[in-house]
Amino acid sequence: WICPGGKCLEVGLDLQAVVKDVEAADRYVPSVDRLFRTAAKKLGDVCIGVILTGMGDDGAEGVEAVAERGGRVLAESPESAVIYGMPGAAERTGHVTALLPLEDLGEQLARWLDE
């Protein structure tokens, strides 16, 4: 799913993507933190978050929410990330399960999904 500009995505009932209006607490729009928090709440220990190249620290709070509920997190390593802001912020939380180059992320995700 791609979030429309000026909106945020959440995981709703029956795990569908729900487009939501921006809230005052949203530091970034669209907000990865908001998406991950709602995904973690709905999916618990089967939630997998993936953080790719990007500027800023959006996603770091969401990574913590995923980890708190027993989920796992993949983040792109500095070797392949064009901008290591978002993956770096995620890594600094201490909750990244695997930090891998972009070309290896899909294979790791597939292994987790096969478990």
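Provided above is the structure to which this section pertains.
Structure report, in brief. Just so you know, these numbers come straight off a predicted model, no measurement behind them.

1. Observations concerning the packing of helix α1 (residues 32-43) against helix α2 (residues 60-68)
Point 1. The N-to-C vectors of α1 and α2 enclose an angle of 10°; their axes lie 7 Å apart at closest approach. Here α2 runs roughly parallel to α1, going by the angle between their axes. Each of Asp33, Phe36, Arg37 and Ala40 in α1 lies in contact with α2, whose residues at this interface are Ala60, Glu61, Gly62, Val63, Ala65 and Val66.
Point 2. For the contact of α1 with α2, a count of residues per class yields six nonpolar, one polar and three charged.

2. Looking at the pairing of strand β2 (residues 17-20)
Remark: a regular strand shows side chains that alternate across the two faces of the sheet.
Point 1. Here strand β1 (residues 8-11) runs beside β2; their pairing, made up of four bridges, is antiparallel. The residue of β2 that forms the bridge with cysteine 8 is lysine 20.
Point 2. What sits between β1 and β2 in their antiparallel hairpin is a turn of five residues, with aspartate 14 showing a positive phi close to 60°.

3. Concerning the layout of surface pockets
Point 1. In this structure, the largest pocket occupies an estimated 330 Å³ of space.
Point 2. Along the wall of the largest pocket there are 15 residues; nearest its centre are Cys47, Ile48, Gly49, Val50 and Leu109.
Point 3. Only α1, β3 (48-51) and α4 (102-114) provide two or more residues apiece to the lining of the largest pocket.
Point 4. It is α1 that contributes the most residues to the lining of the largest pocket, four residues altogether.

4. Regarding α1
Point 1. Taking 1.5 Å of rise per residue, twelve residues should cover 16 Å, and α1 covers 16 Å from first to last C-alpha, within 8% of that figure.
Point 2. Looking at the buried residues of α1, the elements they touch are β1, β2, β3 and α2.
Point 3. If you check the start of α1, you find a side-chain oxygen 3.4 Å away from the backbone N of aspartate 33, and it comes from serine 31.
Point 4. Looking one or two places after α1, you find glycine 44, whose phi comes out positive at around 55°.

5. Regarding the sheet that holds strand β5 (residues 98-100)
Point 1. Strand order in the open sheet formed by three strands is β3-β4-β5, with parallel pairing between adjacent strands. Single-partner strands in this sheet number two, and they are β3 and β5. Averaged over all pairs of adjacent strands, the angle between their axes in this sheet comes to 15°, without regard to strand direction.
Point 2. The pairing of strand β4 (residues 72-76) with β5 spans three bridges and is classified as parallel. Looking at the pairing, leucine 74 lines up with alanine 98 of β5.
Point 3. Of the strands in this sheet, β3, β4 and β5 are in contact with helix α3 (residues 85-92), which crosses β3 at around 135°.
Point 4. The sheet strands contacting α4 are β3, β4 and β5, and the helix crosses β4 at an angle near 165°.

6. With respect to α2
Point 1. What α2 keeps buried is the set Ala60, Gly62, Val63, Ala65 and Val66.
Point 2. Positive backbone phi, approximately 90°, marks glycine 70, located one or two places after α2.

Conventions and cut-offs
- Residues numbered from 1 in each chain as written.
- Predicted model: local features only at pLDDT ≥ 70, side-chain atom pairs only at ≥ 80, totals over all residues.
- Heavy atoms only, no water.
- Axes fitted to C-alpha atoms, helices over the stretch in contact; angles between N-to-C directions.
- Helix = DSSP H or I, 4+ residues; strand = E, 2+ residues; numbered from the N terminus.
- Parallel < 35°, antiparallel > 145°, perpendicular 65-115°, else oblique.
- Contact = heavy atoms within 4.5 Å.
- Nonpolar A, V, L, I, M, F, W, Y, C, P; charged D, E, K, R; others polar.
- Pairing = 2+ DSSP bridges.
- 1 Å grid on protein atoms, 1.4 Å probe; cavity = no way out; pocket = protein on both sides within 12 Å on 5 of 7 lines; lining within 4 Å.
- Points joined across faces, edges and corners; volume = space filled by probe spheres on them.
- Expected span 1.5 Å × (residues − 1).
- Polar contact = N/O pair within 3.5 Å; in protein donor to acceptor, adjacent residues only side chain to side chain.
- Buried < 20%, exposed > 50% of the residue type's maximum accessible area, 1.4 Å probe, protein only.

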